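Summary of structural features
One letter stands for each residue in the lines below.
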Amino acid sequence: MTEEQYISDRIGEIRRRIVAACLAAGRHPDEVQLLLATKTVPAARIMLALQQGLRLIGENKVQELKEKYEALQSQPHEKHFIGHLQTNKIKDILKYGVSCLQSLDRIELAEKLHQRLQVSERQLDVLIQVNTSAEDSKFGVPPEEALSLVQRVAGMDTLRIKGLMTIGLFSADKEKVRACFDRLKALQQELIQARVPGVELRELSMGMSGDLEEAIAAGATIVRVGTAIFGQRIYPDSYYWNEHKA
Ligand SMILES: *Cc1c(COP(=O)(O)O)cnc(C)c1O
């Protein structure tokens, strides 16, 4: 099997899973966007997926964003940043075409982004990353602190809040995983009720290769899929998720 065929088959399979999950939940499949989680995946392999008609990719590391930037230019796509962002790397995500930061998780990062964006007279879409699993090893604002972060970020006119993002608990217990996604959905409703001016909370980015069905059932509008399309990664996810947080 060619690499192209492999990717194309895998994407077909993920699309079928998304459609089935939507139908089971009484939702329209168009309500859910598929984001390619491309950490460790070489640009040439990402290109094969983009050529299958996918348009949205998510990178976790600034270094990879830079390395793949040129090679991906010829294929139209939208780029989100889904990893932990250090404040000294802000200028890079702006330079390398990120249209949405899905991992805004602290006021300090928002303030630095705002300063930088003001200077360049630009705006950026953001999702607030919430830690719904209470695992110490994951980034994200605790749910009970989300409203105050949203209120403060709403005051910064360079940042457009579009929704929430979470990483579900890693567990074989589907109910516990589902509870994380239900938590994010409930939080979205609470925040909408709070009617913070200028804030849109339409997007719920949740669900990955192993748990996208649970996420879609709970209301996901963006699922982020890596392994199920590109195959196993050589680095453990802890390399991406736990850095600088020990
Ligand atoms: C790696 C990653 C994904 C995709 O995970 P898979 O299990 O490979 O589908 C989704 N979201 C984030 C934030 C990631 O780092």
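Residue positions are counted from 1 within each chain, in the order its sequence is given. A pLDDT threshold of at least 70 governs which residues receive local features in this predicted model, and a stricter bar of 80 or more applies before side-chain atom pairs are shown or counted, although totals over entire chains, interfaces and linings include all residues. In computing side-chain properties, one takes all heavy atoms of the structure into account and sets aside hydrogens as well as water.

**Points about helix α5 (residues 107-119)**
The end-to-end C-alpha distance of α5, which contains 13 residues, comes to 19 Å, matching closely the 18 Å that a straight helix rising 1.5 Å per residue would cover. Each residue is placed in one exposure class: buried if its accessible area under a 1.4 Å probe, protein chains only, is under 20% of its type's maximum, exposed if it is over 50%, and partly exposed if it falls in between. Numbering of helices and strands starts at the N terminus; helices are DSSP runs of H or I of at least 4 residues and strands are runs of E of at least 2. Of all the residues in α5, the buried ones are L109, A110, L113, H114 and L117. Taken down its axis, α5 places every buried residue within 135 degrees of arc, on the same side. Between two residues, a contact is recorded if the distance between any of their heavy atoms is within 4.5 Å. Packed against the buried residues of α5 are α4 (90-95), β4 (98-104), β5 (124-129), α6 (146-154) and β6 (159-165). Residue E121 follows α5 closely and has a positive phi angle near 50 degrees. Here the expected span of a helix is defined as 1.5 Å times the quantity of residues minus one. Each C-beta atom gives one direction from the helix axis, and the arc is the one those directions make.

**Examining the pattern of salt bridges**
Criterion for a salt bridge: a side-chain nitrogen of Lys or Arg within 4 Å of a carboxyl oxygen of Asp or Glu. One pass over the structure, following the stated rule, counts 16 salt bridges. Notably, a salt bridge pairs R16 with E13, separated by 3.4 Å at the nearest N-O pair. With R16 and E13 both in helix α1 (residues 3-24) and three residues apart, the pair spans about one turn of that helix. Close ionic contact of E31 with R27 constitutes a salt bridge, the shortest N to O distance being 3.1 Å.

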